[in-house]
Amino acid sequence: MTELPYIDFVHEEGRALAVAARRDMRAPVPSCPDWTVFELVEHTGYVHRHITERLRRQNTEEGRPDVEEPPSDDEGLLAWYSSGLNALEDLLTSTPRDAPRWTWWPPDNTAGFWRRRMAQETAVHRWDAENATGSARPIDPELAADGVAEFLDIHVPAEESLYEGPAGTVHLHRTDGDGEWVVSLTPGQIPHATEGHEKGDAAIRGGGSDLLLLTWRRKAPEDLEILGDRDLVKALWDYWANAGI
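Read on for a plain summary of the structure. (Residues numbered from 1 in each chain as written. Predicted model: local features only at pLDDT ≥ 70, side-chain atom pairs only at ≥ 80, totals over all residues. Heavy atoms only, no water.)

### Let's talk about the packing of helix 1 (residues 6-23) against helix 3 (residues 74-94)
No. 1: It is the contact of helix 1 with helix 3, at a shortest axis distance of 10 Å, that shows an interaxial angle of 175°. The angle between helix 1 and helix 3 falls in the class roughly antiparallel. In contact with Ile-7, Val-10, His-11, Gly-14, Arg-15, Leu-17, Ala-18, Ala-21 and Arg-22 of helix 1, helix 3 contributes Glu-75, Leu-78, Tyr-81, Leu-85, Asn-86, Leu-88, Glu-89, Leu-92 and Thr-93.
No. 2: Here the residues of the contact of helix 1 with helix 3 sort into ten nonpolar, four polar and four charged. (Axes fitted to C-alpha atoms, helices over the stretch in contact; angles between N-to-C directions. Helix = DSSP H or I, 4+ residues; strand = E, 2+ residues; numbered from the N terminus. Parallel < 35°, antiparallel > 145°, perpendicular 65-115°, else oblique. Contact = heavy atoms within 4.5 Å. Nonpolar A, V, L, I, M, F, W, Y, C, P; charged D, E, K, R; others polar.)

Shown next as structure tokens:
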């Protein structure tokens, strides 16, 4: 499978976030309760700088790197954010994909993990910024489908919270391209997902962007098409929300 151009997405989504933020740095962010756009930019900038420092370390040690504190004024923060984004792009580009680096997902302790993670992180927060200050564009459908796979294959298994709702299966069906997953729900276990077409007790259908935004709780199940057992869909949604993924 050909890898997506993650660094290009970091570049495009990162700059679009700054454009959206500049419209109103004090606007509340509906998808990130208690945050303003200023705080969203600050958070994303911190993430970018932390990963840049991890890439610079050239090892797999876990330690949390120190980063430069952001300015407290709007223009200063945007300049700090842009500088950090540029540094991240440079390190992602110059560091070989298979170079050993620390990640929180031991099956993939390589720089390539962070290419994918930063593309996904930046795209979702770009959507947050645009949603807060105007009209949010959908996330690129191929990047979004890749993000759904990342969420189900990496983020959910990395959690310690166990599912305690009703048993069953939920089929996630992308409607604007390839991408189908079946999430198996068993009380007392972490939900397990497999890729492929299979009838479930419930189904959620939507474009790649909507499915990704659903997994990250930017959209609710009722914003997409639901078939079958709605209580099971709600139980899965509640698990994702309460686990704090």
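More follows now that the structure is in view.
### So, the sheet that holds strand 2 (residues 180-185)
No. 1: Taking strand neighbours across the sheet as the criterion, the five strands line up as 3-2-1-4-5 in an open arrangement whose pairing is mixed. The open sheet has two edge strands with one neighbour each: strand 3 (192-195) and strand 5 (225-228). Each neighbouring strand pair of the sheet contributes to a mean axis angle of 20°, computed without reference to strand direction.
No. 2: Of the pairings in the sheet, the one linking strand 1 (residues 168-174) to strand 2 comprises six bridges and is antiparallel in character. Bridge assignment links Leu-172 to a residue of strand 2, and that residue is Trp-181.
No. 3: Helix 6 (residues 208-215) rests against strand 1, strand 2 and strand 4 (202-206) of the sheet, and its axis sits at about 125° to strand 4. (Pairing = 2+ DSSP bridges.)

### Description of helix 6
No. 1: Helix 6 sits mainly inside the fold: seven of its eight residues count as buried.
No. 2: Those residues of helix 6 lying buried are Gly-208, Ser-209, Leu-211, Leu-212, Leu-213, Leu-214 and Thr-215.
No. 3: Elements in contact with the buried residues of helix 6: helix 4 (111-133), helix 5 (141-155), strand 1, strand 2, strand 4 and helix 7 (230-243).
No. 4: Positive backbone phi, at 60°, marks Arg-217, one or two positions downstream of helix 6. (Buried < 20%, exposed > 50% of the residue type's maximum accessible area, 1.4 Å probe, protein only.)

### With respect to the environment of Glu-222
No. 1: Considering the arrangement of structural elements, one finds Glu-222 in the loop between helix 6 and strand 5.
No. 2: Judged by its relative accessible area of 59%, Glu-222 is exposed.
No. 3: Note: C-alpha distance between Glu-222 and Lys-234 (twelve residues apart in sequence) is 9.7 Å.

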